[in-house]
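Structural overview for review
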Amino acid sequence: MDALETRELRYFVAVAEELHFGRAAERLGMAQPPLSRAVQQLERRLGVRLLERNRRGVALTDAGSVLLHEGRATLDAALAAVRRTRRAGGADNPSGERSRLVLAVKTAAVHELLQKLLDANAAEPDAAEVEVLQCGMCDQEARLRDGSADVALMHVPFNSLAGFDSEELMTENQFAILPAGHPLAARKTLSLADISDVPDLPSARWPRHGVYAPGPGPEIRDQTQLAQLVALGRTVAVVPESARAWLWSEHAAVPVTDAPPVVTHIAWPAHSRSPALARLVRTAVQLASSR
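Note that the structure is a prediction, hence the values are computed from the model and not measured. (Residues numbered from 1 in each chain as written. Predicted model: local features only at pLDDT ≥ 70, side-chain atom pairs only at ≥ 80, totals over all residues. Heavy atoms only, no water.)

1. Brief notes about the sheet that holds strand β5 (residues 151-156)
Here is the rule: In this scheme, strands are said to pair when DSSP sees at least two bridges between them. In DSSP terms, a helix is any run of H or I states spanning at least four residues, a strand is any run of E spanning at least two, and both are numbered starting from the N terminus. To define axes, lines are fitted to C-alpha atoms, for helices over the stretch in contact only, and angles between the resulting N-to-C directions are given on a 0 to 180 degree scale.
A sheet is described by the order of its strands in space; here 5 strands give the open sequence β4-β3-β5-β12-β6, paired in mixed fashion. Only two strands of the sheet have a single neighbouring strand rather than two, namely β4 (129-135) and β6 (164-172). Sheet twist, expressed as the average angle between the axes of neighbouring strands with direction ignored, equals 25 degrees. Summarising the sheet, strand β3 (residues 100-106) and β5 pair through 2 bridges and their orientation is parallel.

Printed below as a string of structure tokens:
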């Protein structure tokens with residue numbers, strides 16, 4: 001069987017997602033007849049039916065569902081390869097042909113570690129230029145997978161390292177961030193149970209892969225929103241120790257004794273062979289070992 005072309009996959013994925021040839025053709029900017037012929041030709045080449053067509057519309061077969069899942073991943077991987085290759089060669093670098101790495105980080109997280117890493121990298125001869133990509137909650141994984149970033153600072157248990165290579169850089173405890181005037185703010189320590197069901201102070205809710213867990217607490221999109229809602233007495237949150245760097249005077253920080261430690265890793269795609277990335281990881285590990 002001949003290798004699949006990305007063009008064919010793109011056509012099929014559009015039809016499979018729309019379940020309508022007309023809408024898929026409009027989305028792709030092409031006429032419907034050639035799109036229909038392309039999908040039929042793909043079915044003949046694969047030797048399986050991908051779509052069931054009838055008067056009621058279009059539906060995926062079991063084989064079509066498999067190709068939709070695999071096709072999305074393949075298209076994402078191809079786009080990621082293009083993005084990383086262009087950066088490695090300096091093709092999209094306004095300052096010239098120097099290679100560039102994009103480092104994805106959660107906004108306001110591990111600021112001290114990040115600053116030391118950037119400084120140490122800049123001091124290395126022939127080091128790649130590092131662009132910092134500020135991400136929302138738990139967004140670093142997606143940025144690595146789609147090629148928007150080459151490397152990321154990830155925080156376990158909040159981020160998943162599945163599919164990535166990584167090196168551990170630091171471990172820190174967690175504390176509760178509360179309104180300074182709240183009765184719990186006077187405690188020396190707290191437990192997760194102490195703050196899990198406070199009627200006037202519902203726990204903040206973070207997105208995981210774009211989905212918020214159910215609950216009465218506010219949906220948090222970024223650190224600035226969290227800081228303001230805590231200061232207003234609308235929520236409480238458990239955050240890593242390094243978050244103390246952005247606390248306001250209206251906040252109180254109390255250690256949470258049974259919260260799991262947060263481990264920061266530097267992570268990158270497992271298949272990466274970038275020398276510039278390897279040098280940055282080596283610098284990060286050396287920096288962590290000297291702490």
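2. Focus: the pairing of strand β2 (residues 57-60)
Summarising the sheet, strand β1 (residues 51-54) and β2 pair through 4 bridges and their orientation is antiparallel. Bridge assignment links Leu51 to a residue of β2, and that residue is Leu60. The turn joining β1 and β2, which pair antiparallel and follow one another in sequence, is formed by 2 residues.

3. Some words on the nonpolar core
The condition that has to hold: Among buried residues, the Ala, Val, Leu, Ile, Met, Phe, Trp, Tyr and Cys ones that are joined through side-chain atoms within 4.5 Å form a nonpolar core. We call a residue buried when its accessible area falls under 20% of the maximum for its residue type, exposed when it is over 50%, and partly exposed in between, using a 1.4 Å probe and counting protein chains only. By definition, residues are in contact when any of their heavy atoms lie within 4.5 Å.
Counting 23 residues, the largest nonpolar core has Leu103, Val151, Leu153, Leu169 and Ile266 as its most contacted members. Sorting the residues of this core by element identifies β3, α5 (111-122), β5, β6, β12 (262-269) and α9 (275-289) as the ones contributing at least two each. Per-element accounting of this core gives the leading share, 7 residues, to α9. With sequence-adjacent residues up to four places away left out, Leu169 is seen in contact with Leu113, Leu153, Thr264, His265, Ile266, Ala284, Val285, Ala288 and Arg291. In this structure, Tyr11, Ala16, Leu28 and Ala38 belong to the second largest nonpolar core, which totals 20 residues.

4. Side note on the packing of α5 against α9
Quick reminder of the rule: Each angle gets one of four labels, with under 35 degrees taken as roughly parallel, over 145 as roughly antiparallel, 65 to 115 as roughly perpendicular, and the rest as oblique. A clockwise turn of the near helix away from the far one marks a right-handed crossing, whereas an anticlockwise turn of less than a right angle marks a left-handed crossing. Think of it as three bins: nonpolar holds Ala, Val, Leu, Ile, Met, Phe, Trp, Tyr, Cys and Pro, charged holds Asp, Glu, Lys and Arg, and polar takes everything else, Gly as well.
Remark: α5 packs on α9, axes separated minimally by 10 Å, with the N-to-C direction vectors making an angle of 125 degrees. The angle between the axes of α5 and α9 places the two elements in the oblique class. Every pair of crossing elements has a handedness; the one defined by α5 and α9 is right-handed. Residue-level contacts link Leu113, Lys116, Leu117, Ala120 and Asn121 of α5 to Leu280, Thr283, Ala284 and Leu287 of α9. A breakdown of the residues in the contact of α5 with α9 according to their chemical character gives 6 nonpolar, 2 polar and 1 charged.

5. Some points on the pattern of salt bridges
Rule in force here: Each reported salt bridge corresponds to a side-chain nitrogen of Lys or Arg within 4 Å of a carboxyl oxygen of Asp or Glu.
Tallied over the entire structure, the rule returns 14 salt bridges. Among the salt bridges present, the one from Asp146 reaches Arg143, with a minimum N-O distance of 2.8 Å. Overall, Asp146 belongs to the buried group, its relative accessible area being 18%. One connected set of salt bridges, linked through shared partners, spans Glu17, Glu18, Arg23, Arg27 and Arg72.

6. Let's talk about the sheet that holds strand β7 (residues 174-179)
Read across the sheet, 3 strands follow the order β10-β7-β11 without closing on themselves; strand pairing throughout is antiparallel. If you trace the sheet from one side to the other, it starts and ends with β10 (237-240) and β11 (251-255), each paired once. Neighbour to neighbour, the strand axes of the sheet diverge by 40 degrees on average, direction disregarded. Note that β7 and β10 share 4 bridges and pair antiparallel. If you follow Ala176 over to β10, its bridge partner there is Val238.

7. Some points on helix α1 (residues 6-18)
The line we're drawing: To estimate the expected span of a helix, count its residues, drop one, and scale the result by 1.5 Å.
For α1, built from 13 residues, the straight-helix expectation of 18 Å at 1.5 Å per residue is met to within 8% by its first-to-last C-alpha distance of 18 Å. When α1 is considered as a whole, its buried residues turn out to be Glu8, Leu9, Tyr11, Phe12, Val13, Ala14, Val15 and Ala16. Within two residues after α1, Leu19 carries a phi angle of roughly 50 degrees, on the positive side.

8. What about the packing of aromatic side chains?
So the rule is basically this: Only the six-membered ring of Trp is used, alongside the rings of Phe and Tyr, when aromatic pairs are assigned; centres must lie within 6.5 Å, and planes under 30 degrees apart are stacked while those over 60 apart are edge-to-face, with the rest tilted. Look at NZ for Lys and CZ for Arg. If either is within 6 Å of the ring centre and within 35 degrees of the ring normal, a charge sits over the ring.
Taken as a whole and judged by the stated rule, the model has 0 aromatic pairs. Over the aromatic face of Phe175 sits the side chain of Arg244, whose NZ or CZ is 4.8 Å from the ring centroid.

Function cannot be inferred from these measures alone, as they are strictly geometric.
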